[in-house]
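What follows is the residue order along each chain.
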Amino acid sequence: MPKVIIALIVTVLMASCSYAGGIEVLPLVDVQGHSDTTLLLNVPESLTSEYYPSGKMPSQILAFFVKVGESGILFDAGLRDESVLSKLDEKGIAPESVSAILITHFHPDHFGGIVDSVGKASFPNAVVYVSKPEYDYWVNEIKNESVISALKLYTVRQFAFGDEVVPGVKAIETTGHTPGHASYLVEADGEKLIVAGDIMHFPEIQLPHPEIAVRYDTDPVKAVQSRKFILDYAAWRDIPIAGMHITPPGIIRVMKSGEGYVKR
């Protein structure tokens, strides 16, 4: 039997992936569209036109529902548009059944969906997990009202990088995009998956040129370092990467190629 078996059930807005060995992944596509190449930092026009002749880059927002053994975990929650809720409903997953939400970072397209359209908790029985540096920055340092009001609806647990956040899921430091951005290494029955958050926004160009940062990055230098770290880690160990801005179904395998990377 192959090490990893991938079964895809694709609709316009949803794909489902099943991994042998105890990890099941349900990508939840919130939004698909296009972004302007001006979002890329310090990139010559000749390079952007090579990868994006139209000047527009495919963009998307995803969350992931991951079942590790008997536990169902939501990684990020998309925008506050109830799209993720509707995608879960289509698969017969009740919001009340979600017990853990692991946040990569507090940009609106990652945590917004934990609040529904009337301002209540979208997942009333869930505990929200976030890295301590991310919590400290948004709640204590800049006092972001959207983050603070959303978190008041939940029990919130902070973790340190390297912690086992919930059974089978370890936090990986990938700061730079935000001050406390976290990725997660999921492991069950010998199989692994990296939920990488925003280590990449536009993989068509950031895989072959991982040195390219985006205007969303709080610290572009650290963001580049984190991207290279995760890509190296995944490439050498042949671990799939689930990314919140990777073309649906949002899961890729990578390998080293020169100074950059390519999909396997």
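Residues numbered from 1 in each chain as written. Predicted model: local features only at pLDDT ≥ 70, side-chain atom pairs only at ≥ 80, totals over all residues. Heavy atoms only, no water.

Description of the pairing of strand S11 (residues 182–188)
Inference 1: Of all seven residues making up S11, six are buried, and the element is well covered by its neighbours.
Inference 2: Summarising the sheet, strand S10 (residues 169–173) and S11 pair through five bridges and their orientation is antiparallel. The residue bridging Val169 from the neighbouring strand is Val186, located in S11.
Inference 3: In terms of strand pairing, S11 meets strand S12 (residues 191–197) through five bridges, oriented antiparallel. In the strand pairing of S12, Ala188 is matched with Glu191.
Inference 4: Hairpin connection between S11 and S12: a loop of two residues separates the two successive antiparallel strands, and Asp189 in this loop has a positive phi of roughly 50 degrees. (Buried < 20%, exposed > 50% of the residue type's maximum accessible area, 1.4 Å probe, protein only. Helix = DSSP H or I, 4+ residues; strand = E, 2+ residues; numbered from the N terminus. Pairing = 2+ DSSP bridges.)

What to know about the packing of aromatic side chains
Inference 1: Overall, the coordinates contain five aromatic pairs when judged by the stated rule.
Inference 2: Between Phe159 and Tyr184 the ring centres are 5.9 Å apart and the planes differ by 65 degrees, which places this aromatic pair in the edge-to-face class. In this pair, Phe159 sits in strand S8 (residues 155–159) while Tyr184 sits in strand S11, placing the two residues 25 residues apart along the sequence.
Inference 3: On the accessibility criterion, Phe159 (5% relative accessible area) is buried.
Inference 4: A residue is classified by how much of its surface remains accessible, and Tyr184, at 0% relative accessible area, is buried.
Inference 5: A connected cluster of aromatic rings, assembled from ring pairs, spans Phe75, Phe159 and Tyr184.
Inference 6: Across the ring face of Tyr233, the terminal group of Arg237 is positioned such that the distance to the ring centre comes to 3.8 Å. (Phe/Tyr/Trp six-rings, centres within 6.5 Å; stacked < 30°, edge-to-face > 60°. Lys NZ or Arg CZ within 6 Å of the ring centre and 35° of its normal.)

Comments concerning the sheet that holds S10
Inference 1: Sheet architecture is open: six strands sit in the order S9-S10-S11-S12-S13-S14, paired in mixed fashion. With partners counted over all chains shown, the strands left at the sheet margins are strand S9 (164–166) and strand S14 (251–252), one partner each.
Inference 2: Where strand S13 (residues 241–243) and S14 come together, two bridges link them in antiparallel fashion. Pairing of Ile241 across the sheet is with Ile252, part of S14.
Inference 3: Lying on the sheet, helix H7 (residues 220–237) is in contact with S10, S11, S12 and S13; it crosses S12 at an angle near 165 degrees. (Contact = heavy atoms within 4.5 Å. Axes fitted to C-alpha atoms, helices over the stretch in contact; angles between N-to-C directions.)

Regarding unusual backbone geometry
Inference 1: Across the junction of Pro248 and Pro249, the peptide omega takes the value 15 degrees, indicating a cis bond.
Inference 2: Mapped onto the elements of the fold, Pro249 is located in the loop between S13 and S14.
Inference 3: We note that Glu82 has phi near 65 degrees; this positive angle belongs to a residue other than glycine.
Inference 4: Position of Glu82 among the secondary structure elements: in the loop between strand S5 (71–75) and helix H2 (83–90).
Inference 5: Judged by relative accessible area, Glu82 falls into the partly exposed class, the value being 31%.
Inference 6: If you check the backbone angles, Lys143 has positive phi at about 50 degrees while not being a glycine.
Inference 7: You can see Lys143 is positioned in the loop between helix H4 (132–141) and helix H5 (145–151).

Considerations on the confidence of the model for the protein chain
Inference 1: Considering every residue of the protein chain, the mean pLDDT works out to 91; 92% of them sit at 70 or more.
Inference 2: Contacts of residues 1–16 to residues separated by more than four positions or lying in other chains number 42 contacts, the stretch itself having pLDDT below 50. (pLDDT = per-residue confidence, 0-100.)

What about H2?
Inference 1: Those residues of H2 not exposed but buried are Ser83, Val84, Leu85, Lys87 and Leu88.
Inference 2: Its buried side turned inward, H2 meets strand S3 (23–36), strand S4 (56–68) and S5.
Inference 3: Taken from the residues just after H2, Gly92 is the one with a positive phi, measuring 75 degrees.

Concerning the layout of surface pockets
Inference 1: In this model, the largest pocket occupies a volume close to 240 Å³.
Inference 2: Looking at the lining of the largest pocket, the elements that each hand over two or more residues are S3, S4 and helix H3 (108–111).
Inference 3: At four residues, S3 tops the list of elements feeding residues into the lining of the largest pocket.
Inference 4: Classifying every residue of the lining of the largest pocket gives six nonpolar, 11 polar and two charged.
Inference 5: Put simply, the second largest pocket is a space of about 160 Å³.
Inference 6: Taken together, Arg80, Pro108, Phe111, Gly112, Val115, Gly119, Ser146, Ser149, Ala150 and Leu153 make up the lining of the second largest pocket.
Inference 7: Those elements that provide at least two residues to the lining of the second largest pocket are H3 and H5.
Inference 8: Ranked by the residues each element gives to the lining of the second largest pocket, the list is headed by H5, at three residues.
Inference 9: Residue classes in the lining of the second largest pocket are distributed as five nonpolar, four polar and one charged. (1 Å grid on protein atoms, 1.4 Å probe; cavity = no way out; pocket = protein on both sides within 12 Å on 5 of 7 lines; lining within 4 Å. Points joined across faces, edges and corners; volume = space filled by probe spheres on them. Nonpolar A, V, L, I, M, F, W, Y, C, P; charged D, E, K, R; others polar.)

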